[in-house]
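# Residue-level structural notes
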Amino acid sequence: MNDCNFMKMIRITKFLSRKLKEAIKGAAESKLAFDNLNETAHPEMVILWKAEEALAHANRAEDPTAMDIYEVRLEKEESQISLSGDVKRL
């Protein structure tokens, strides 16, 4: 059992180095995407997002659901099934 822990300890530097390189690359890609979003978004939306973020961080200790603003919000389009159902009724 001790050999297993020893091997983990020896290999952890290589593992953490690889993870650090991946994180740095991912952070750079995320920054580019964020900058692109900020440039293309309507200025009023950016102001609204900043206000929502400040409010969420102010309330996160008392209400953990305040952080739900970071969840992805997509508006779903009407599905093809319901559209074809509407056509059949006509």
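Structure: above.
What comes next is a walk through the structure.

Turning to a nonpolar patch on the surface, a few remarks are in order. Taken together, the side chains of L37, M45, L48 and W49 make up a nonpolar region of the molecular surface, amounting to roughly 340 Å² of accessible area. By the element assignment, L37 lies in helix 1 (residues 2-40). L37 sits in the partly exposed class, given a relative accessible area of 41%.

Turning next to the pattern of salt bridges. The final tally for this structure, using the stated rule, is three salt bridges. Taking the shortest distance from any N to any O, the salt bridge between R18 and E22 comes out at 3.7 Å. Of the two residues, R18 and E22 are both situated in helix 1; the distance of four residues between them amounts to about one turn of the helix. Note on R18: relative accessible area 43%, which makes it partly exposed. Residue classification places E22 among the partly exposed positions, given a relative accessible area of 43%. In this structure, the salt-bridge partner of E22 is K19, at a minimum N-O distance of 3.8 Å. Residue E22 and its partner K19 are both found in helix 1; the two are separated by three residues, about one turn of the helix. Residue K19 is classed as partly exposed on the basis of its relative accessible area of 38%. The structure contains a network of salt bridges with shared partners spanning R18, K19 and E22.

Definitions and cut-offs
Along each chain, residue indices are assigned from 1 in the same order as the chain's sequence is written. Reporting of local features is limited, given that this is a predicted model, to residues whose pLDDT is at least 70; pairs of side-chain atoms are given and counted only at 80 or more, and all residues count toward the totals for whole chains, interfaces and linings. Only hydrogens and water are set aside when side-chain values are computed; all heavy atoms of the structure are taken into account. Think of a patch as exposed residues, more than 30% relative accessible area, with no salt bridge, where like charges cluster within 9 Å and nonpolar side chains (Val, Leu, Ile, Met, Phe, Trp, Tyr) cluster within 5 Å. Throughout, the Shrake-Rupley method with a 1.4 Å probe supplies accessible areas, and for residues the shown protein chains are the sole cover considered. Counted as salt bridges are all cases of a side-chain nitrogen of Lys or Arg within 4 Å of a carboxyl oxygen of Asp or Glu. Per the convention used, a helix needs a DSSP run of H or I reaching at least four residues, while a strand needs a run of E reaching at least two, with both numbered from the N terminus. When accessible area is computed with a 1.4 Å probe and restricted to protein chains, residues below 20% of their type maximum are described as buried, those above 50% as exposed, and intermediate ones as partly exposed.

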